[in-house]
There are 2 protein chains.
Amino acid sequence: MDETLTQGAQPGPAPQKGTVTQRAIEQIKALIAGGRLEPGQRLPTERDLAAQLGISRSSMREAIRALTVLGVLEARHGSGIYVTQLEAGDLLETFGVVADLSRGPRLVELLEVRRILESTATALAAARITPAQLAEVEKHLAAMNATDDPEEILAHDLAFHREIAAAAGNDTMAAILEGLSSRTFRARVWRGYQEEGAFARTRREHAAIHRALVAHDPEAARAAAAAHVGEVEQWLRAQLDR
Amino acid sequence: MDETLTQGAQPGPAPQKGTVTQRAIEQIKALIAGGRLEPGQRLPTERDLAAQLGISRSSMREAIRALTVLGVLEARHGSGIYVTQLEAGDLLETFGVVADLSRGPRLVELLEVRRILESTATALAAARITPAQLAEVEKHLAAMNATDDPEEILAHDLAFHREIAAAAGNDTMAAILEGLSSRTFRARVWRGYQEEGAFARTRREHAAIHRALVAHDPEAARAAAAAHVGEVEQWLRAQLDR
DNA sequence: TCAGCGGAGTGGTCGGACCACTATGGCTCC
DNA sequence: GGAGCCATAGTGGTCCGACCACTCCGCTGA
């Protein structure tokens, strides 16, 4: 593997725009976008990459670390650096950070986005869900209703909606919803919401969503999901007004 | 500013989970999520932070760089490191990376997500848009129809939809749509689409969206926007089938 | 034949040095 | 006395070299 990834680049002085690390990030991204680096492929070593781009290993490591947290690259200790599969889950994992660091009015906005996507995903799921997928949904629905432990309820609640999103058949949408429902995000909002005795209402809403799925009724599913998220949204709005 | 941010942390041996850099990232994120670091606030120097967490400056720099590309921190050369305002635009800038690195079927999924959000945003805009905002939209619409330069058309096309998204009143949604419409993403898809003489159709669709905005008719706006994005979506689907 | 064991190669961490830039304060000059 | 310049301390940016921890693979010996 002597092939240099940067062959053909202008040999003149570097463009001098931004930091060298930022430049390295852009160059690696360009290599992937341009198809010279395929998903799953192994990159040259940090030392070689740094030499090829004419920067120090330290700067190259910062670039690699940045692309790692973005879900573009994956570093395996002792083995090498690899391009991820670039699937929705890999790249949208950082979406959870947004949810975790948002507060106040932005939480309402996030819930509004979730309401829109979740209702559509649930409608799609109603049309496409298979018996096996439906059984999985029902498993979490039953488990949710069989316990009083808030932690367990939250876990099955998450899984309930995750299965539905998966049944919608759009991995990208499912990955975004996963981020919008990240554990810490929901734990923060759910805690206060459920403390006000919303368990019964939540169960009713989940049951309504389930009925719509069984009936393969997209419009009913859309309405039920929108109402479900909307309830939390309105509660949070009221909290912020105080 | 002698106050240490890490006071109160367990003094025992480090948790030993993951790399030290990853740990540093989580700790800084926790400081922000916990409210000990406010938006806009300045952090201690890299050297001090590294000393407080007991790691080297190199590792701390990687952590800071990672949080910088995520839009959580901002480093100003010669001045210091600051927490961003943590607004939707800051945190969702990375969404463009997803769009730029996605190919094949995932592009269709992204367009589907955009169709859902864009149609809702346009509907909201129809209900809420102000005369001033409407004038801005019309400016880009006129500019788009007054030129034949594809680059200029694309720029005003982006601005057209950006203004509408802004008028919807949900910054988070607007930021996501901005990522889904990032310049390189649209340039890749638009190029082929417009080459097939879709200019006339695009103009008709934009006109329909504009009419709905003027009439403050959310449902018409939703339908027009969904059809607009849907056209591209269907074209891309057909391309992939070949 | 294969289990065990090395060594080479790789990412992970560290410490130090120096450069580039910013901000602050005092100083000069008007 | 005030405005503008400028030296300087402090900060992030970059580079280097060393060593550690881990993985992988080929060699060795039973």
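- With an unreviewed UniProt entry as reference, chain A is termed FadR family transcriptional regulator, source organism Streptomyces guryensis.

## Some words on the packing of helix H8 (residues 150-167) of chain A against helix H11 (residues 199-214) of chain A
Residues and elements named next belong to chain A.
Then comes step 1: Between H8 and H11, the least distance of the axes is 13 Å, while the angle of their chain directions is 25°. In terms of their interaxial angle, H8 and H11 are classed as roughly parallel. Handedness of the crossing formed by H8 with H11: left-handed. Across the interface between the two elements, Ile-153, Asp-157, Phe-160, His-161 and Ile-164 from H8 touch Phe-199, His-206, Ile-209 and Leu-213 from H11.
Then comes step 2: Residues belonging to the contact of H8 with H11 are distributed by class as follows: 6 nonpolar, 2 polar and 1 charged.

## What to know about the domain arrangement of chain A
Then comes step 1: The assigned domain composition of chain A is domain 1 (20-86) and domain 2 (91-241).
Then comes step 2: The C-alpha-based centres of domain 1 of chain A and domain 2 of chain A are spaced at 36 Å.

## A look at the interface of chain B and chain A
Then comes step 1: Taken together, the contact pairs 46 residues of chain B with 46 residues of chain A.
Then comes step 2: Summing the contributions of chain B and of chain A, the shared interface buries around 3900 Å²; its carbon and sulfur component is 64%.
Then comes step 3: The largest per-residue losses of area from chain B upon contact with chain A belong to Glu-62, Arg-65 and Leu-101 of chain B, which jointly make up 17% of the total buried on that side.
Then comes step 4: For the pair chain B and chain A, the number of links is 6 salt bridges.
Then comes step 5: Residues Arg-65 of chain A and Glu-62 of chain B are paired through a salt bridge, measuring 3.1 Å at the closest nitrogen-oxygen approach.
Then comes step 6: The interface formed by chain B and chain A includes 14 residue pairs in polar contact (both at pLDDT 80 or more).

## Quick look at the packing of helix H2 (residues 46-53) of chain B against helix H3 (residues 57-69) of chain B
All names here are of chain B.
Then comes step 1: Contact pair H2 / H3: the axes reach a minimum separation of 9 Å and the direction vectors enclose 105°. By the angle between their axes, H2 is roughly perpendicular relative to H3. Seen from H2, the contacting residues are Glu-46, Arg-47, Leu-49, Ala-50 and Leu-53; seen from H3, they are Arg-57, Met-60, Arg-61 and Ile-64.

## Topic: the protein's contact with DNA strand C
Then comes step 1: Neighbouring DNA strand C are 25 residues, the closest being Glu-46, Arg-57 and Arg-61 of chain A together with Val-20 and His-77 of chain B.
Then comes step 2: In the model, a phosphate oxygen of DNA strand C is placed 3.0 Å from a nitrogen or oxygen of the Glu-46 of chain A main chain.
Then comes step 3: Take Val-20 of chain B: an N or O atom from its main chain is 2.5 Å from a phosphate oxygen of DNA strand C.
Then comes step 4: Broken down by secondary-structure element, the contributors of at least two residues to the surface near DNA strand C are helix H2 (46-53), helix H3 (57-69), strand E1 (73-76) and strand E2 (80-83) of chain A together with helix H1 (20-33) and H3 of chain B.

## Some details on the protein's contact with DNA strand D
Then comes step 1: Close to DNA strand D lie 25 residues; Val-20, Ser-58 and His-77 of chain A together with Arg-57 and Arg-61 of chain B are nearest.
Then comes step 2: Within 4 Å of the protein, the atoms of DNA strand D are drawn from sugar and phosphate moieties in a proportion of 61%.
Then comes step 3: Side-chain polar atom of Thr-21 of chain A to a phosphate oxygen of DNA strand D: 3.4 Å apart, as the coordinates give it.
Then comes step 4: A distance of 3.3 Å separates a base nitrogen of DNA strand D from a polar atom in the backbone of Gly-78 of chain B.
Then comes step 5: Of all elements in the fold, only helix H1 (20-33) and H3 of chain A together with H2, H3, strand E1 (73-76) and strand E2 (80-83) of chain B reach the threshold of two or more residues within the surface near DNA strand D.
Then comes step 6: Its residues assigned to classes, the surface near DNA strand D comprises 4 nonpolar, 12 polar and 9 charged.

Each value, and the rule that gives it
Along each chain, residues carry numbers from 1 onward, in the same order as the chain's sequence is written. Think of it this way: whatever chain is written first is A, whatever ligand is written first is 1, and the rest follow in order. It should be noted that, the model being predicted, local features are given only for residues of pLDDT at least 70 and side-chain atom pairs only at 80 or more, the latter also being counted only at that level, while totals for whole chains, interfaces and linings use all residues. Only heavy atoms go into the side-chain values, all of them from the structure, while hydrogens and water stay out. Only the contacting stretch of a helix is used when fitting its axis, a line to C-alpha atoms as for every element, and angles between N-to-C directions run 0 to 180 degrees. Going along the chain from the N terminus, every DSSP run of H or I of four or more residues is numbered as a helix, and every run of E of two or more is numbered as a strand. Working definition: roughly parallel below 35 degrees, roughly antiparallel above 145 degrees, roughly perpendicular at 65 to 115 degrees, and oblique for all remaining angles. By the definition used in this description, the sense in which the near helix is turned from the far one sets the handedness, with an anticlockwise turn below a right angle giving left-handed and a clockwise turn giving right-handed. Contacts between residues were defined by any pair of non-hydrogen atoms, one from each residue, lying within 4.5 Å. Any residue outside Ala, Val, Leu, Ile, Met, Phe, Trp, Tyr, Cys, Pro, Asp, Glu, Lys and Arg is labelled polar, Gly included; the first ten of those are nonpolar and the last four are charged. Bear in mind that the domain bounds are from an automatic or database domain assignment. Two parts lose some accessible area (1.4 Å probe) when they are put together, and adding that loss for both gives the buried area. Just to be clear on terms, a salt bridge is a Lys or Arg side-chain nitrogen sitting within 4 Å of an Asp or Glu carboxyl oxygen. Pairing of N or O atoms within 3.5 Å defines a polar contact, subject to two protein rules: one partner must be a possible hydrogen donor and the other a possible acceptor, and residues neighboring in sequence count only if both atoms are side-chain atoms. Throughout, near means a residue has at least one heavy atom within 4 Å of the molecule or strand.

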